[in-house]
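Residue strings, one per chain:
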Amino acid sequence: MSPTDRFIPDRLQSPLTRRVKSWETLLLAVAVAIFTFNAFASPYFLNAWNLSDATFNFTEKAMIAFAMALLIIAGEIDLSVASIVALASTAMGAAAQIGASPAVLVVIGLTVGLICGAFNGLLVTVMGLPSIVVTIGTMSLFRGISYIVLGDTAYGGYPAGFKFFGQGYVWWVISFELVAFAVLALAFGVLLHLTNFGRAVYAIGNNPVASLFSGLRVGRVKFILFLLTGLMAGVASVCLTSRLGSTRPSIGFGMELEVVTMVVLGGVNILGGSGTIPGVVIAAFIMGLVTFGLGLLNVPGIVMSIVIGALLIGVIALPRLWAMWRG
Amino acid sequence: MNRYLQSREVILSAAILMLILLISLRFPAFIAPANLANVFNDTSPLMILAIGQMIVILTKCIDLSVAATLALTGMVVSLLNIAAPDLPLVVTIMIALSLGAVLGMVNGLLVWKLNIPPIVVTLGTMTIYRGVIFLISNGKWVNAHEMSPAFKALPRHVFLGFPLLSWFALAVIVIAAVVMTRTTLGRAFYAVGGNPHASVYTGLNVGRTQFWAFTISGALAGLTGYLWVSRYAVAYVDIAGGFELDVVAACVIGGISIAGGIGSVGGAVLGALFLGVIKNALPVINISPFWQLAISGTAIIIAVVLNSRANRPPGRIILKQSEPAA
């Protein structure tokens, strides 16, 4: 048979086969393997409170990752999320100094996130600029403002009621952050997979020009996605600030890379057009489990980053190497 | 003439000159030749890295691992210096260049052979290279007293009135300018980024050209790694942390299009100098260094806006407006 022959199968793969062979199944298998390995490697792993603590490793990043997944599927990216976290945290810290109540602090955090997202969105959609460069610029700008405000000082003294968002438990070992993570995962899953808006996101990522000619408001959808990403960075900032109880301008430094890693690990195509929220959820658990498990084994944080980096490249490279080897 | 006046290099040179003049109105010492030479010397690492990054960006890729490559190479040559203090510096520099090139090749191979998007590859290698520094150094610092005197003295050694660090930057600028404008490889970088499909039909291997771009970027980062640790006389895991963003910023300010195919060595150098002048001017005009991040962020955004104005393709007309019926 010459290599140019192509066939069309008599039957398409059954839905079950397709599901078994999917990226999400592979990820789930990896997650289960890591979980099992951890359980055997450390006697402290299978403890409800330890596992509950472990979720803090990924909940805040995952909240941003959900919105980032939609943005990347639509063919854009936002590298400024960690800086939005810092700026929102700085604004909340400043408000806390003059005695703002927890509710006001949350509103301020979310509003700053929305404003930053709107700023990115305007530059990308109205001015038509490439998002990767714009958000590298706003990444410096937003964190730069935090540095101008704070310098080498820090804000503390948050009101007692504010602690709940990062340190509170809803029921037994279930933290507020874990509940927020689950609710947001569900909300973004529905938005992406069950609504017209979600279909528009896929269409725009696959072919923005065709989407425009089919009558989709490409600019508006992208603008909303930047708003959502900013808002989620604001939510993450509320949780992180509440958990740490203080704000330094370096808060959340480098978080954007972990968020992008989580999204890509979750099977979202970095070039846009495909990806799922369940994939990102499992990727979040994998990253949390790896960090937590290695931490129990006294592996320093920087070595964990090798594992995360290798995971990022490995999960993309291995299927391609496998395909090359199979010819 | 008009085209010449509108070129990015001329506008940027004018902006830098204006900036220097404004500062020197209040602080005449800033414009003294010795100080300007100092600013150039201080910006040398950024210029060298920006040239490497420019070549990568020209081919529609991006290299976020430059700072990590720099740090890893710096740590390796420092440890080597402890183990063998008498090693000739030429050999040290050769090792730095080759190690950097190998680290760049890893990026290049993943992009070329496995077709993984460059931003994912270099995001991954960035964290891996940083982690490897920790593994080989056990997280310890290499301090000034552990390095041999010759190892530390090289970038500061004055030759014809300028420190060798500046000469390294000048050499890289000249070689890069010649390669980019006078060799087939240099033109291939432009062609591959400008129009990948057309490049394939003209017989260029797009992946291989990108591979060489990453190799060059890595080699230059390796060279800078040695210059960096010897100049600051210290090596640890986090040196040049976050510097990759300054490098990309220098390129963007220098008019290098992130979409590939557009840019020049002069632009990259001027973009780096622009950031260098700002960085060196802030303490002089008594503004807290904490302003620097916000200022360079604003500069990047303004530069992207200007770039897009200059390179905007005309809109396409699908249906002509019908003539009004008479």
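All of these numbers come straight from a predicted model, not from anything done at the bench.

Visitor: Quick one: what's the story with the overall build of chain A, residue by residue and with numbers?
Guide: Counting secondary structure elements, chain A contains 15 helices and two strands. Its C-alpha atoms give chain A a radius of gyration of 21 Å, near enough to 20 Å, the size a compact globule of 327 residues would have. Each principal axis of the C-alpha distribution contributes one length, and for chain A these read about 75 × 55 × 35 Å. For chain A, with 327 residues in total, the buried portion stands at 47%. Looking at chain A alone, contacts between residues at least 24 apart form 78% of all its contacts between residues at least 6 apart.

Visitor: Report on the overall build of chain B, specifying residues and quantitative values.
Guide: In terms of helices and strands, chain B carries 14 helices and two strands. Computed over the C-alpha atoms, the radius of gyration of chain B is 21 Å, within 12% of the 20 Å expected from 2.2 N^0.38 for a compact globule of 326 residues. Its C-alpha atoms give chain B principal-axis dimensions of about 90 × 55 × 35 Å. Taken over 326 residues, chain B has a buried fraction of 49%. In chain B, of all internal contacts separated by at least 6 residues, the share reaching a separation of at least 24 is 78%.

Visitor: Just give me the short version of the interface of chain B and chain A, but keep the residues and values in it.
Guide: Facing 39 residues of chain B, the contacting portion of chain A comprises 39 residues. For the side of chain B that touches chain A, the element with the most residues is helix α6 (residues 118–137) of chain B, which contributes 13 residues. Looking at the side of chain B that touches chain A residue by residue, the classes come out as 27 nonpolar, 11 polar and one charged.

Visitor: If you had to explain helix α14 (residues 277–296) of chain A to someone new, which residues and values would you point to?
Guide: Residue and element names in this part refer to chain A. The end-to-end C-alpha distance of α14, which contains 20 residues, comes to 29 Å, matching closely the 28 Å that a straight helix rising 1.5 Å per residue would cover. Counting buried residues in α14 gives 16 out of 20 residues, a clear majority hidden from the surface. A positive phi of about 60° marks N298, the residue just after α14.

Visitor: Now, about helix α15 (residues 301–326) of chain A: what can you tell me, with residues and values included?
Guide: Residue and element names in this part refer to chain A. In this model, α15 (26 residues) spans 37 Å end to end at C-alpha, consistent with the 38 Å of a helix rising 1.5 Å per residue. Taking the largest bend as the criterion, α15 deviates by roughly 35°, centred on G314. Every buried residue of α15 is listed here: M304, S305, I308, G309, L311, L312, I313 and I316.

Visitor: Give a detailed account of the environment of N207 of chain A, specifying residues and quantitative values.
Guide: Residue and element names in this part refer to chain A. Mapped onto the fold, N207 is located in the loop between α10 (196–206) and α11 (208–213). Overall, the presence of 14 C-beta atoms within 10 Å leaves N207 in the partly exposed class. Distance in space between the C-alpha atoms of N207 and Y158 is 47 Å, their sequence separation being 49 residues.

Visitor: I'd like a description of the environment of Y169 of chain A, backed by residues and values.
Guide: Note that Y169 of chain A resides in strand β1 (residues 169–171). Beyond its immediate chain neighbours, meaning those up to four positions away, Y169 of chain A contacts I174, S175 and F176 of chain A.

Cut-offs applied
Residues numbered from 1 in each chain as written. Chains lettered and ligands numbered in written order. Predicted model: local features only at pLDDT ≥ 70, side-chain atom pairs only at ≥ 80, totals over all residues. Helix = DSSP H or I, 4+ residues; strand = E, 2+ residues; numbered from the N terminus. Rg over C-alpha atoms; globule rule 2.2 N^0.38 Å. Buried ≥ 20, exposed ≤ 12 C-beta atoms within 10 Å, placed from the backbone. Contact = placed C-beta atoms within 7 Å. Nonpolar A, V, L, I, M, F, W, Y, C, P; charged D, E, K, R; others polar. Expected span 1.5 Å × (residues − 1). Bend = angle between axes of the 7 residues up to and from the residue.

Shape descriptors only; they carry no functional weight alone.
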